[in-house]
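Summary of structural features
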Amino acid sequence: MEFLTNDKLLIVGAGGMIGSNMVQSALMLGLTPNICLYDIYEPGVHGVYDEMQQCAFPGANITYTVDPEEAFTNAKFIISSGGAPRKEGMTREDLLKGNCKIAAEFGENIKKYCPEVNHVVVIFNPADVTALTALIHSGLKPNQLTSLAALDSTRLQQALAHEFGVQQDKVTGAHTYGGHGEQMAVFASQVKIDGKPLSEMGLSAERWEEIKHKTVQGGSNIIKLRGRSSFQSPAYNAVKMIEAAMGGEPFTLPAGCYVNDDKLGFKNVMMAMPTTIDKTGVHYSEPTGTPEELAELQKSYEHLCKMRQEIIDLDIVPSIEAWKNDNANL
Ligand SMILES: NC(=O)c1ccc[n+]([C@@H]2O[C@H](COP(=O)([O-])OP(=O)(O)OC[C@H]3O[C@@H](n4cnc5c(N)ncnc54)[C@H](O)[C@@H]3O)[C@@H](O)[C@H]2O)c1
């Protein structure tokens, strides 16, 4: 089997639903034969390892461990879903304290065992804040660490495709920016349906509000339908992000990235932006939208700043002025 690279890919949380699906997706897409599965729960990760071996992927060199040193050493690419998922009735923000503590340790493991890592994707929620925590503690450059935010956009794309009865990939520019939570900013002005601007499709303002609501509640809806948090779509999209960082097809759905930009007025946050991930890391551009959309984005940014303050108050990360002591790249 042909692989994109031979570099070591570490999957953190590999015993869980997203993690185990990522291992399988990475092998099916031929990313690398060298995949290490890491989790704190031995029977779970052991079971996933056995299953993956029993798939008998040609050329695969899969290992598993519950020892962070063994896991992180020599890792060149990392994806982490290693944290608690939300249950019915919970928001992503409800996971903040526990998962941000895990994110701080995750960042420290990177700094200690694999400072030479190329790219890291953080999935566990609230992903913008866990990713920010991991970035501060890891010492990595901002373009080396992204968070999974794309599902909000693919949910919007799905809803619009259903609305107009078109194939999903005929809906373009369906993007959400800002936080990956209840306060995300859903943008309509760049959307095209089979090449035609959404504004010319006769969609009522009321119907658009319903579609927006459906997009924001997309993750909760999966929990209602399946009795658990989504796992196939996050697994696939996170693997596509890391594939892009390995030099495969660039990833162009919005990713969460570090933004500290005087011109845009967004300072010291991780948030979804118009982005491209390629072999050189993540690159963002300025979001284009109507004044109303940009005002929504501003609100979403302010919500992220509030959550950032919570992790500062909890002493999970230092105050912003002191971030440089942990990470000279910030
Ligand atoms: N960003 C997104 O779009 C998105 C989408 C869906 C789910 N999620 C989030 O992804 C995370 C994982 O979801 P899941 O469904 O795979 O959950 P899961 O419970 O099935 O798996 C999580 C795994 O992480 C492991 N784990 C816990 N703490 C760990 C640590 N400190 N180090 C290593 N491993 C650890 C657990 O043992 C478990 O095996 C959740 O936080 C969920 O909310 C994010």
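Residues numbered from 1 in each chain as written. Predicted model: local features only at pLDDT ≥ 70, side-chain atom pairs only at ≥ 80, totals over all residues. Heavy atoms only, no water.

**Some words on the packing of helix α1 (residues 17-28) against helix α9 (residues 232-245)**
- Between α1 and α9, the least distance of the axes is 8 Å, while the angle of their chain directions is 45°. The angle between α1 and α9 falls in the class oblique. Every pair of crossing elements has a handedness; the one defined by α1 and α9 is right-handed. Seen from α1, the contacting residues are I18, N21, M22, S25 and A26; seen from α9, they are Q232, P234, A235, Y236, A238 and V239.
- Here the contact of α1 with α9 is built from residues that sort into eight nonpolar, three polar and no charged. (Axes fitted to C-alpha atoms, helices over the stretch in contact; angles between N-to-C directions. Helix = DSSP H or I, 4+ residues; strand = E, 2+ residues; numbered from the N terminus. Parallel < 35°, antiparallel > 145°, perpendicular 65-115°, else oblique. Left-handed = near helix turned anticlockwise from the far one by under 90°. Contact = heavy atoms within 4.5 Å. Nonpolar A, V, L, I, M, F, W, Y, C, P; charged D, E, K, R; others polar.)

**Structural notes on the site of the ligand**
- Residues in contact with the ligand amount to 30 residues; listed here are only the nearest, M17, I18, D39, A84 and R228.
- For the ligand, an oxygen atom lies 3.2 Å from a polar atom in the backbone of G16.
- Between the ligand and H180, the relevant distance is 3.1 Å, taken from an oxygen atom to a side-chain nitrogen or oxygen of the residue.
- Compared with its free state, where it exposes 870 Å², the ligand has 88% of that area covered by protein.
- Among the elements of the structure, α1 and α4 (96-113) are those that each provide at least two residues to the shell around the ligand.
- Here the residues of the shell around the ligand sort into 16 nonpolar, 11 polar and three charged.
- Structurally, the shell around the ligand is a two-domain feature, drawing no fewer than three residues from each of domain 1 (9-148) and domain 2 (150-233 + 245-313). (Near = heavy atom within 4 Å. Polar contact = N/O pair within 3.5 Å; in protein donor to acceptor, adjacent residues only side chain to side chain. Areas by Shrake-Rupley, 256 points an atom, 1.4 Å probe, with all protein chains shown as cover. Domains from an automatic or database assignment.)

**Concerning the environment of S220**
- In this structure, S220 sits in helix α8 (residues 218-226).
- Each C-alpha atom, one on S220 and one on R86, is 9.1 Å from the other, the two residues being 134 residues apart in sequence.

**Quick word on the side chain of H175**
- Mapped onto the elements, H175 comes out in strand β8 (residues 175-177).
- Residue classification places H175 among the buried residues on the basis of a relative accessible area of 19%.
- Other than its neighbours up to four places away in sequence, H175 contacts S153, L156, A185, V186, F187, T252, L253 and P254. (Buried < 20%, exposed > 50% of the residue type's maximum accessible area, 1.4 Å probe, protein only.)

**Side note on the sheet that holds strand β10 (residues 192-193)**
- Read across the open sheet, the three strands follow the order β7-β10-β11; overall the sheet is antiparallel. Either end of the sheet is taken by a strand with one partner, and the two such strands are β7 (171-172) and β11 (196-197).
- Here two bridges tie β10 to β11, and the two strands are oriented antiparallel to one another. Among the inter-strand pairings, K192 is bridged to a residue of β11, identified as P197. (Pairing = 2+ DSSP bridges.)

**Structural notes on the pairing of strand β12 (residues 255-261)**
- Of all seven residues in β12, six are buried, a share of seventy percent or more.
- Note that β12 and strand β13 (residues 266-273) share six bridges and pair antiparallel. When the sheet's bridge partners are listed, Y258 is paired in β13 with M270.
- Taking the residues between adjacent antiparallel strands as the criterion, β12 and β13 are bridged by four residues, where G265 takes a positive phi near 80°.

**Regarding the pairing of strand β15 (residues 281-284)**
- Pairing of strand β14 (residues 275-278) with β15, which is carried by four bridges, proceeds in the antiparallel orientation. Its bridge partner being in β15, T276 is matched across the sheet by H283.
- The antiparallel hairpin formed by β14 and β15 contains two residues in its connecting segment.

**Observations regarding the nonpolar core**
- Ranked by size, the top nonpolar core spans 87 residues in total, and within it F72 and I78 carry the most contacts.
- Among residues more than four places away in sequence, those in contact with F72 are L10, V12, Y38, I78, F106, N109, I110, Y113 and C114. (Core = buried A, V, L, I, M, F, W, Y, C linked by side-chain atoms within 4.5 Å.)

**Thoughts on the UniProt feature "domain: Lactate/malate dehydrogenase C-terminal" (unreviewed entry) in the protein chain**
- Per the UniProt annotation, the sites labelled "domain: Lactate/malate dehydrogenase C-terminal" (unreviewed entry) are residues 150-306.
- Its end C-alpha atoms 22 Å apart, residues 150-306 is made of 42% helix and 22% strand. (UniProt positions renumbered as here; feature names shortened; annotations may be inferred.)

**Comments concerning helix α10 (residues 291-313)**
- Its 23 residues give α10 an end-to-end C-alpha distance of 33 Å, which sits within 8% of 33 Å, the value for a rise of 1.5 Å per residue.
- Every buried residue of α10 is accounted for by E293, L297, S300, Y301, L304, C305, M307, R308, I311 and I312.
- Check the buried side of α10 and you find it contacts α4, α5 (127-138), β8, β9 (185-187), β13 and α11 (323-326).
- D315 sits one or two residues past α10 and shows a positive phi near 70°. (Expected span 1.5 Å × (residues − 1).)

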